[in-house]
Every structure is written in structure tokens, then in C-alpha cells.
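Listed here are the chains, written in short residue letters.
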Amino acid sequence: DGGITQSPKYLFRKEGQNVTLSCEQNLNHDAMYWYRQDPGQGLRLIYYSQIVNDFQKGDIAEGYSVSREKKESFPLTVTSAQKNPTAFYLCASSVTGISYNEQFFGPGTRLTVL
Amino acid sequence: EDQVTQSPEALRLQEGESSSLNCSYTVSGLRGLFWYRQDPGKGPEFLFTLYSAGEEKEKERLKATLTKKESFLHITAPKPEDSATYLCAVGPQAGTALIFGKGTTLSVSS
């Protein structure tokens, strides 16, 4: 049963902490993406990766970091430099990184700063 | 600047009352237009991809159409379970990333 999994579903962060959000896919997709969703705003791209060991910054990369060591995995770290991290985080994947391929999304992680 | 605008922001319908959601776009060449459904607290669920003006796709009570400047998502005889936020995204000719609209939140009451 192919799909995208994200964990945890809910995450709480204290001020000054780094936290890592997990994203795994078994769709054999080359491209993976991280988005942030805030109330009343569209999805905003944080980072994307078109192939293993390569990734590019999106529109709002400051305060975030990623790695792509395996095709199936694309973890996102929210660092203490991200001043307003409370949001809903969505991971997605597509067959390739070309923009005519539909993206498929995971269930999301809701991050709250305490 | 590439841009996607969805209207209305919110739409309330009675069960069985058909209507349409609009997605207008300005991009430097269109590779694809995508519709998604998102339920509260969940990730978007893929619905349709449209590639060229004049193309139409249907799924149950939903029908998506595409022109050179906009796309419509027609909802025929909606049911309460169609209540969700519907997102539109475009894939521009240049670049990799999709550009998302802010969505239309549909509420269908019985």
C-alpha cells in the first residue's frame, strides 16, 4: 500500500529547541517537498529535492534545514532561528521534479511552540 | 509575477444546490493545473490534473474545466460530505515548484 507518512502528527517545541519532522514515501518518487500552511494562506514551499543528495531552497527556507540521504526519506529540521514556527507542515512527493507532475501529500505534522 | 487566485474564499450551499469554484492564474506558460481537496487537519488529496485549454475531467459530483486564464471546479448536486477546502495549483513552464492558491472552503448543509 503506497503512500507518504509523516511523524509525529503533533509536535511541541520549547523556545530555543531544534526539532525534526519525519517524512517517508514508498511511491518510488524522485522528488520530495516540504510546505508550510498557515490559516488564510496558501501552501508555501520551504525546501524541495529532485534527487538524492540534492535539494534547493524554496520561498521561505530561513530557519529550516533538510537532508536527502535516501530516496524514501526527506526529514525537515526546524531550528531555533525560525522565529515563528507554529504551523501545519506538509510533505509531498512527485514522480519527477518537473511541474507537470502532480504532487501527493502526507497527512501533515502540526507544530506548536510552547 | 506568477500568481493563482481562488474565488470565492468561502461558499455555503444547500444539499443539491450546484455551483462552481473559480481558479484564475497568471503564469509564464502552463505545464499543468491541479485541483486538491483538503479536509480539516489533513493533507491535501489529489483530485485532477488539466494540461491544456478545453480539457475537462470528472469524478463523481465534481467536474474540472480549463481555459487559458482560469479553471472551474463544478460541483453538481453536492452532499454534506463534499464539505472541504478545495485548493488549486499551477505548474509554471519555468521552474519546478507548484504555485498554490489560498483555497475555497465549501460548506454543504442538509
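Residues numbered from 1 in each chain as written. Chains lettered and ligands numbered in written order. Predicted model: local features only at pLDDT ≥ 70, side-chain atom pairs only at ≥ 80, totals over all residues. Heavy atoms only, no water.

Asks: Help me understand the sheet that holds strand β3 (residues 19–25) of chain A in this model?
Replies: For sheets, the rule is that strands pair by backbone hydrogen bonds, running either parallel or antiparallel. Residue and element names in this part refer to chain A. Ordered by their spatial adjacency, four strands build an open sheet running β1-β3-β8-β7, and the pairing between neighbours is antiparallel. Bordering the open sheet on either side are β1 (4–7) and β7 (64–66), each of which pairs with just one other strand. On average, each strand axis in the sheet is inclined to that of its neighbour by 20°, with strand direction left out of account. Pairing analysis gives three bridges linking β3 to strand β8 (residues 76–78), with the strands arranged antiparallel. Looking at the pairing, V19 lines up with V78 of β8. (Pairing = 2+ DSSP bridges. Helix = DSSP H or I, 4+ residues; strand = E, 2+ residues; numbered from the N terminus. Axes fitted to C-alpha atoms, helices over the stretch in contact; angles between N-to-C directions.)

Asks: How should the pattern of salt bridges be read in this particular structure?
Replies: A pair can form between side chains of opposite charge whenever their charged atoms are brought close. Inspection of every chain in the model, using the stated rule, returns seven salt bridges over all chains. Two residues, D38 of chain A and R44 of chain A, come together in a salt bridge whose shortest N-O distance is 2.8 Å. For R61 of chain B, the salt bridge goes to D82 of chain B, with nearest N and O atoms at 2.8 Å. Placement of the pair is R61 of chain B in the loop between β6 (56–59) and β7 (62–66) and D82 of chain B in the loop between β8 (70–75) and β9 (84–92), with a sequence separation of 21 residues. Accessibility expressed as a relative area gives 6% for D82 of chain B, which makes it buried. Overlapping salt bridges bring together R36, D38 and R44 of chain A as one network. (Salt bridge = Lys/Arg side-chain N within 4 Å of Asp/Glu carboxyl O. Buried < 20%, exposed > 50% of the residue type's maximum accessible area, 1.4 Å probe, protein only.)

Asks: Please clarify how the nonpolar core should be interpreted in this entry.
Replies: One broad trend across soluble globular proteins is that nonpolar side chains are buried collectively. Residues L33, W35, L73 and Y86 of chain B are the most contacted members of the largest nonpolar core, which totals 23 residues. Elements supplying a minimum of two residues to this core: β2 (10–14), β3 (19–26), β4 (30–38), β5 (45–50), β7, β8, β9 and β11 (104–109) of chain B. Broken down by element, the residue count for this core peaks at four residues, all from β9 of chain B. If we ignore the near neighbours within four places in the chain, the residues touching L73 of chain B are S19, S20, L21, W35, F48, L62, K63, A64 and Y86 of chain B. With 19 residues, the next largest nonpolar core counts L11, I46, L76 and V78 of chain A among its residues. (Core = buried A, V, L, I, M, F, W, Y, C linked by side-chain atoms within 4.5 Å. Contact = heavy atoms within 4.5 Å.)

Asks: Would you mind showing me how to read the state of the cysteines here?
Replies: Two cysteines whose sulfur atoms are joined by a covalent bond form what is called a disulfide. All names here are of chain A. In total, this model carries two disulfides over all chains according to the counting rule given. Across the disulfide from C23 sits C91; the S-S distance is 1.9 Å. When the S-S torsion is -70°, as for the bridge of C23 with C91, the disulfide is left-handed. Taken together, the positions of C23 in strand β3 and C91 in strand β9 (residues 87–94) put the pair 68 residues apart, joining distant regions of the chain. Each member of the pair C23 and C91 is classed as buried. (Disulfide = S-S within 2.5 Å.)

Asks: What am I meant to see in the environment of T65 of chain B here?
Replies: Residue and element names in this part refer to chain B. Relative to the elements of secondary structure, T65 occurs in strand β7. Remark: the alpha-carbon pair of T65 and F100, spanning 35 residues in sequence, is separated by 17 Å. Within polar-contact distance, the side chain of T65 engages the side chain of H74 at 3.5 Å. (Polar contact = N/O pair within 3.5 Å; in protein donor to acceptor, adjacent residues only side chain to side chain.)

Asks: Looking at this structure, I do not really get the interface of chain B and chain A. What am I missing?
Replies: Accessible area lost on assembly of the parts is the figure often given for the size of an interface. Each partner contributes to the interface: chain B provides 22 residues, whereas chain A provides 24 residues. At the boundary of chain B with chain A, the tally comes to zero salt bridges. For the pair chain B and chain A, the number of links is four residue pairs in polar contact (both at pLDDT 80 or more). Listing elements by their share of the side of chain B that touches chain A, those giving two or more residues are β4, β5 and β9 of chain B. Among the elements that make up the side of chain B that touches chain A, the one with the highest residue count is β4 of chain B (five residues). Residue classes in the side of chain B that touches chain A are distributed as ten nonpolar, nine polar and three charged. (Nonpolar A, V, L, I, M, F, W, Y, C, P; charged D, E, K, R; others polar.)

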